[in-house]
Amino acid sequence: KPKSAKAKASQSSVVMGVPISHPDKPLWTEGFTKLDLARYFESVADWMMPHIAGRPSSIIRAPDGIDGVHFFQRHAMMGQSSLLSTVAVFGDKKPYLQIDRPEALAALAQTAALEIHPWNSRPGKPAEPGRFVFDLDPAPDLSFDDVIAAALELKARLEGIGLIPFAKTTGGKGMHVVVPFDGEGLDWPTAKTMAREICAAMAADSPKKYLIKMAKKDRTGRIFLDYLRNDRMATAVAPLSPRARPGATVSMPLDWQKVRKGLDPARFTIATVPALLAKSKPWEGYAKAAKPLVKLLNRRR
Ligand code: ATP
Ligand code: MN
Ligand code: MN
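Residues numbered from 1 in each chain as written. Chains lettered and ligands numbered in written order. Predicted model: local features only at pLDDT ≥ 70, side-chain atom pairs only at ≥ 80, totals over all residues. Heavy atoms only, no water.

1. Remarks on the coordination of the manganese ion (ligand 3)
Taken together, Asp135 (OD), Asp137 (OD) and Asp226 (OD) make up the protein donors of the manganese ion (ligand 3), found 2.1 to 2.3 Å from the metal. Along the chain, the residues donating to the manganese ion (ligand 3) are arranged with the sequence spacing D-x1-D-x88-D. The manganese ion (ligand 2) is placed at 3.6 Å from the manganese ion (ligand 3), the two being bridged by Asp135. Of this pair, Asp135 sits in strand β10 (residues 131-138) while Asp226 sits in strand β14 (residues 223-226), placing them 91 residues apart in sequence. The class of Asp226 is buried, set by a relative accessible area of 4%. (Donors = N, O, S within 2.8 Å, 3.2 Å for Na, K, Ca; no water. Helix = DSSP H or I, 4+ residues; strand = E, 2+ residues; numbered from the N terminus. Buried < 20%, exposed > 50% of the residue type's maximum accessible area, 1.4 Å probe, protein only.)

Right, here's the structure in full:
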């Protein structure tokens, strides 16, 4: 005998122990709902957690969906779920939001948090650098193949100085190249200078293709090598975070053999990514790739 509609709905809209209210509320234009978001987070949580836990995270909430008002939030919210962590940072009176357990992702979905943007700090050490994110921002007239070519060139340069880079789409127009490292004994000014130097060298060698100045007016036909994510309190969208953009696209971590001409970042969505992730197991060497950056810097000097 079929269950009553009410019983069925209440049973099916609990995700990781968190009851999702208004589960059928559409958040994306394509009809993906709040419950779809919560279930997406559940399916990718184990992969995602090591990349967000222990670092403050900003979130983007869109309670009325991506066409409605967006709330960009860095601080803990009044009355927030006890599944979310809060951290006091740099003497700021207002505590910051932190995501330390998988269930917190369901609690975030319940508040219609579509995007997660962690700091690039060492876990548990908000003042210290923990990874580089090189943010490749193409001018609107460029193709995604141009972005791929830039990512591959940057990869070669990073490997050339002994770093181990990883790639992800952003769910938007560009790509991020992520370099994990052990930042013990380092500060952000030092790490940021290194990131800037790497991008400056790449732009100097191909000034027609790349630039490191933010000014949009100079960007036509070129890719902005945005090294500014590499700073205290700077964020980048987390790998596997959905975007509050058309298509419910996701910032998809990819192994380098997938980063080739013809790649279409729009195919990575909250509907397609769980199966792709289970099949491809990207970034397997990530944890081991984090070597002490201070040693490498000392060798370079
Ligand atoms: P795209 O590929 O479309 O550029 P993106 O996520 O890289 O997507 P960017 O605008 O290049 O978008 O921003 C890079 C990162 O910097 C973001 O993921 C976000 O975490 C952070 N960021 C960008 N703009 C802001 C902002 N105004 N306030 C806070 N953080 C920001
Ligand atoms: Mn970008
Ligand atoms: Mn950028």
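2. Examining the packing of aromatic side chains
Enumeration over the complete set of coordinates arrives at 10 aromatic pairs. When the ring of Trp47 is compared with that of Trp283, the centres are 5.6 Å apart and the planes differ by 55°; the resulting orientation is tilted. Separated by 236 residues along the polypeptide, Trp47 in helix α2 (residues 34-52) and Trp283 in the loop between α6 (273-280) and α7 (286-289) bring together distant segments of the chain. A relative accessible area of 18% means that Trp47 is categorised as buried. (Phe/Tyr/Trp six-rings, centres within 6.5 Å; stacked < 30°, edge-to-face > 60°.)

3. What to know about helix α8 (residues 293-300)
Every buried residue belonging to α8 is among Leu293, Leu296 and Leu297, and all of these are buried. The arc that holds the buried residues of α8, viewed along the axis, is 100°, so those residues lie on one side. In this structure, α8 carries Lys295 and Arg299 as exposed residues pointing more than 90 degrees from its buried face. Taken together, the buried residues of α8 touch β10, β12 (175-182), α5 (188-205) and β16 (291-292). (Arc of directions from axis to C-beta. Contact = heavy atoms within 4.5 Å.)

4. Some points on the site of ligand 1
Neighbouring ligand 1 are 15 residues; His117, Thr170, Gly174, His176 and Thr235 lie closest to it. A distance of 3.1 Å is found between an oxygen atom of ligand 1 and a backbone nitrogen or oxygen belonging to Lys173. Here ligand 1 loses 66% of its free accessible area of 590 Å² to cover by the protein chains. Of the residues that constitute the shell around ligand 1, the class distribution is three nonpolar, six polar and six charged. (Near = heavy atom within 4 Å. Polar contact = N/O pair within 3.5 Å; in protein donor to acceptor, adjacent residues only side chain to side chain. Areas by Shrake-Rupley, 256 points an atom, 1.4 Å probe, with all protein chains shown as cover. Nonpolar A, V, L, I, M, F, W, Y, C, P; charged D, E, K, R; others polar.)

5. Here's the deal with the side chain of Arg55
Note that Arg55 resides in the loop between α2 and β3 (57-61). Among buried Asp, Glu, Lys and Arg side chains, Arg55 stands out as unpaired, with Asp100 the closest opposite charge at 7.8 Å. For Arg55, the side chain forms a polar contact with the main-chain oxygen of His51, separated by 3.3 Å. From its side chain, Arg55 meets the backbone oxygen of Ser121 in a polar contact 3.3 Å long. (Lys, Arg positive; Asp, Glu negative; His and termini not counted. Salt bridge = Lys/Arg side-chain N within 4 Å of Asp/Glu carboxyl O.)

6. Remarks on the sheet that holds strand β7 (residues 113-118)
Reading across the sheet, the three strands line up as β4-β3-β7 and stay open at both edges, with antiparallel pairing between neighbours. Of all the strands in the sheet, the pair left with one neighbour each is β4 (71-73) and β7. Geometrically, the sheet is characterised by an average inter-axis angle of 15° between neighbouring strands, direction not taken into account. For β3 and β4, the ladder comprises three bridges, and the chain directions are antiparallel. For Ile60, the partnering residue across the bridge sits in β4 and is Phe72. (Pairing = 2+ DSSP bridges. Axes fitted to C-alpha atoms, helices over the stretch in contact; angles between N-to-C directions.)

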